[in-house]
Amino acid sequence: MTFPGILSIVIFLPAAAGVVLLGFPRRHREAASWFSLGVSCAVLVLSIHLFTRFDSGRSGMQFVEFIPWVSSLELGYRVGVDGFSLLLVLLTALLTPIVLVSSWKSIAVRVPMWNFLILIMETGMIGVFCALDTFLFYVFWEVILIPMYFIIGVWGGEKRVYAALKFFIFTMAGSLLMLVAILWLGWYASTLPGGRFTTDVTRLFEIARTLPHGAAVWLFWGFAIAFLIKVPSFPLHTWLPDAHVEAPTGGSVILAGILLKMGTYGLVRYNLQMFPALAVEWAPFFAILGIVGIVYGALVAMVQTDAKKLVAYSSVSHMGFVLLGIAAMTTEALQGAILQMVNHGLSTGALFLLVGMMYDRRHTRMIEDFGGLARVMPVFATVFLITALSSIGLPGLNGFVGEFLILLGSFRSPILGTPVYTAIAASGIVLSAVYMLWMYRRVFLGTVPSEAVGEMRDLDRRETGLLIPLVLLIVWIGIYPNTFLAKTSSFSRELTNTLISVRDSSVLRPSGVDSTNTNNP
């Protein structure tokens, strides 16, 4: 049994704690760190409670909360979760305390401010996944932008200012397009008989299907471009490698583990659910973007000499699989895409942590500067191998389940209509094995190249504690994925049934426009 307001507590507890942190003197770094960790762990416990109390047999939103704000405009505080958003809330709640603990030694200046920004971001990220109001969704979306800008710009590497500005410009450009789409859609609702301006997502799902075709296309792409930038999809991905390389380890984990999922979450929640006919119409294009990202990201990763940049480009490749699963629009593919969002957060988040641990010891990320680490750091080498194999998609580990469902669903997709997409995407698995195993061989096998490498210490208790939950989940999902798939089955089945029915309708009109509609775009 849950108590009223639990979802709001999960959303706003980190931000409230962050405000308290502003009162911590700079010299009280340890107190600020423990306080932040305690709050983030409390959010994780509450999120697990939501997960266990979620009714997998029910479709639609659960734990819904609504507080009117501006009644005349139907603006209000509306939040809730379905199986899809619930998994991403849980992922966010899991990675946040891991990020905080990972920074205890690497972040030595402005520690209270660092923790404040991480907690504010946690509120924004969870809020994005829970918002059932387009205006509230936009507010949470923007809340994340400024903290990440400062995380990269203040604690980042040598080119941190350039990377932070590039991240800011790309993200803000997409956000403005999304804001225009939100406002136009709300205004359109007011032009309908008896209608008024609204930001209620559930109402807008119905209203959007009455849009004239021309207006629907503009709105569809206003949302889609904003989300494709965040994924990021080729060719809108160029901000990501710079941001990853220059960001501190904790920033990279948040970027890869959570922020990229906001883009794919938005594509499903808004483009597929709000504009199902246009989503079906453009599905092959999105599938092409996905497979280009898979192959391009893998090929570029193969030639990297910087371990962190290699992992960054692997993100582009793996998120291409998620985009392909979304475009396939079958229950298996969509289930695989949702699970792969979680898998990518776990595996790539762990890889960034591991690369960060290497950098903390050796102060370099260049692959050629390492070698023979399996002899020097056997526990570290074992964890790295498990994580790399999960990223490749080895059976028995989490990556295999997500990628298998995506490939199976895309192969059988009546909307894509050809197995060519699947065949090309499958090559990405082979390429991922090439660059991951190549990096592992160079870094961990062979002879120790220098005395500095030979003196690198193995994992300590703090680092081991960070990695244990990630490794356990990597194995758990690989062996028994139904723990998580069961939560999303109703959502995936209902959405794919809608998309297939739109495709199979005798007259397919983009965005469900009625031929009798006389509204002008």
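Refer to the structure printed above.
Bear in mind that the values here come from a model prediction, so they are computed numbers and not experimental data.

**Comments concerning the overall build of the protein**
A tally of helices and strands in the protein yields 22 helices and 2 strands. Radius of gyration (C-alpha) of the protein: 22 Å, near the 24 Å computed for a compact globule of 521 residues. Each principal axis of the C-alpha atoms in the protein carries an extent, and together these give about 80 × 55 × 45 Å. Sequence-distant contacts in the protein: of pairs separated by 6 or more residues, those separated by 24 or more amount to 81%. A total accessible area of about 19000 Å² is found for the protein, and carbon and sulfur atoms account for 66% of it. On the protein, the mean spot of the 33 positive side-chain charges and the mean spot of the 28 negative ones are 3 Å from each other.

**Quick look at the pairing of strand β2 (residues 75-81)**
Where burial is concerned, most of β2 is hidden: 7 out of the 7 residues are buried. Taking every second residue as pointing to the same face, both faces of β2 are buried, with Leu75, Tyr77, Val79 and Val81 on one and Gly76, Arg78 and Gly80 on the other. Relative to β2, strand β1 (residues 62-70) runs antiparallel, the two sharing 6 bridges. Along β2, the bridge assignment pairs Glu65 with Val79.

**Quick look at a nonpolar patch on the surface**
A cluster of nonpolar side chains, contributed by Val19, Leu22 and Met113, occupies part of the molecular surface with about 270 Å² of accessible area. Residue placement: Leu22 occurs in the loop between α1 (6-21) and α2 (29-53).

**Topic: helix α3 (residues 83-102)**
The first and last C-alpha atoms of α3 sit 29 Å apart over 20 residues, in line with the 28 Å expected at 1.5 Å per residue. Counting buried positions over the 20 residues of α3 gives 20, a clear majority of the element.

**Details of the environment of Arg26**
By secondary structure assignment, the location of Arg26 is in the loop between α1 and α2. What makes Arg26 exposed here is its relative accessible area of 62%. In the structure, Arg26 is positioned 85 residues away from Val111 in sequence and 7.0 Å away in space, judged by C-alpha atoms. Ignoring sequence-local partners within four residues, the contact set of Arg26 consists of Arg110 and Pro112.

**Points about the packing of helix α5 (residues 134-143) against helix α11 (residues 249-274)**
Following both chains from N to C, one finds α5 and α11 inclined at 170°, their axes separated by 13 Å at the closest point. On the basis of their axis angle, the class for α5 and α11 is roughly antiparallel. Across the interface between the two elements, Thr134, Phe137 and Trp141 from α5 touch Met262, Gly263, Tyr265 and Tyr270 from α11.

**Let's talk about the packing of α1 against α2**
At a minimum axis separation of 9 Å, α1 and α2 run at an interaxial angle of 175°. One element, α1, and the other, α2, form an angle in the roughly antiparallel class. Note on element contacts: α2 touches α1 through Ala32, Phe35, Ser36, Val39, Ala42, Val43, Leu46, Ser47, His49 and Leu50, opposite Ile6, Leu7, Ile9, Val10, Leu13, Pro14, Ala17, Val20 and Leu21. In terms of residue class, the contact of α1 with α2 is built from 16 nonpolar, 3 polar and no charged.

**Topic: the nonpolar core**
Among the nonpolar cores identified, the biggest contains 192 residues, and Leu259, Phe286 and Phe384 are the most heavily contacted of them. Take this core: its biggest share by element is 16 residues, from helix α15 (residues 331-362).

**Overview of the pattern of salt bridges**
In total, this model carries 11 salt bridges according to the counting rule given. Among the ionic pairs, Asp200 bridges to Arg78, the shortest N-O distance being 3.6 Å. With Asp200 in the loop between α7 (160-191) and α8 (201-207) and Arg78 in strand β2, the pair connects residues that are 122 residues apart, well separated along the chain. The class of Asp200 is buried, set by a relative accessible area of 13%. Close ionic contact of Lys166 with Asp242 constitutes a salt bridge, the shortest N to O distance being 2.9 Å. Here Asp242 lies in helix α10 (residues 239-246) and Lys166 lies in helix α7, a separation of 76 residues in the sequence.

Parameters at a glance
- Residues numbered from 1 in each chain as written.
- Predicted model: local features only at pLDDT ≥ 70, side-chain atom pairs only at ≥ 80, totals over all residues.
- Heavy atoms only, no water.
- Helix = DSSP H or I, 4+ residues; strand = E, 2+ residues; numbered from the N terminus.
- Rg over C-alpha atoms; globule rule 2.2 N^0.38 Å.
- Contact = heavy atoms within 4.5 Å.
- Areas by Shrake-Rupley, 256 points an atom, 1.4 Å probe, with all protein chains shown as cover.
- Lys, Arg positive; Asp, Glu negative; His and termini not counted.
- Charge placed at Lys NZ, Arg CZ, Asp CG, Glu CD.
- Buried < 20%, exposed > 50% of the residue type's maximum accessible area, 1.4 Å probe, protein only.
- Pairing = 2+ DSSP bridges.
- Patch = residues over 30% accessible without salt bridge, like charges linked within 9 Å, V, L, I, M, F, W, Y side chains within 5 Å.
- Salt bridge = Lys/Arg side-chain N within 4 Å of Asp/Glu carboxyl O.
- Expected span 1.5 Å × (residues − 1).
- Axes fitted to C-alpha atoms, helices over the stretch in contact; angles between N-to-C directions.
- Parallel < 35°, antiparallel > 145°, perpendicular 65-115°, else oblique.
- Nonpolar A, V, L, I, M, F, W, Y, C, P; charged D, E, K, R; others polar.
- Core = buried A, V, L, I, M, F, W, Y, C linked by side-chain atoms within 4.5 Å.

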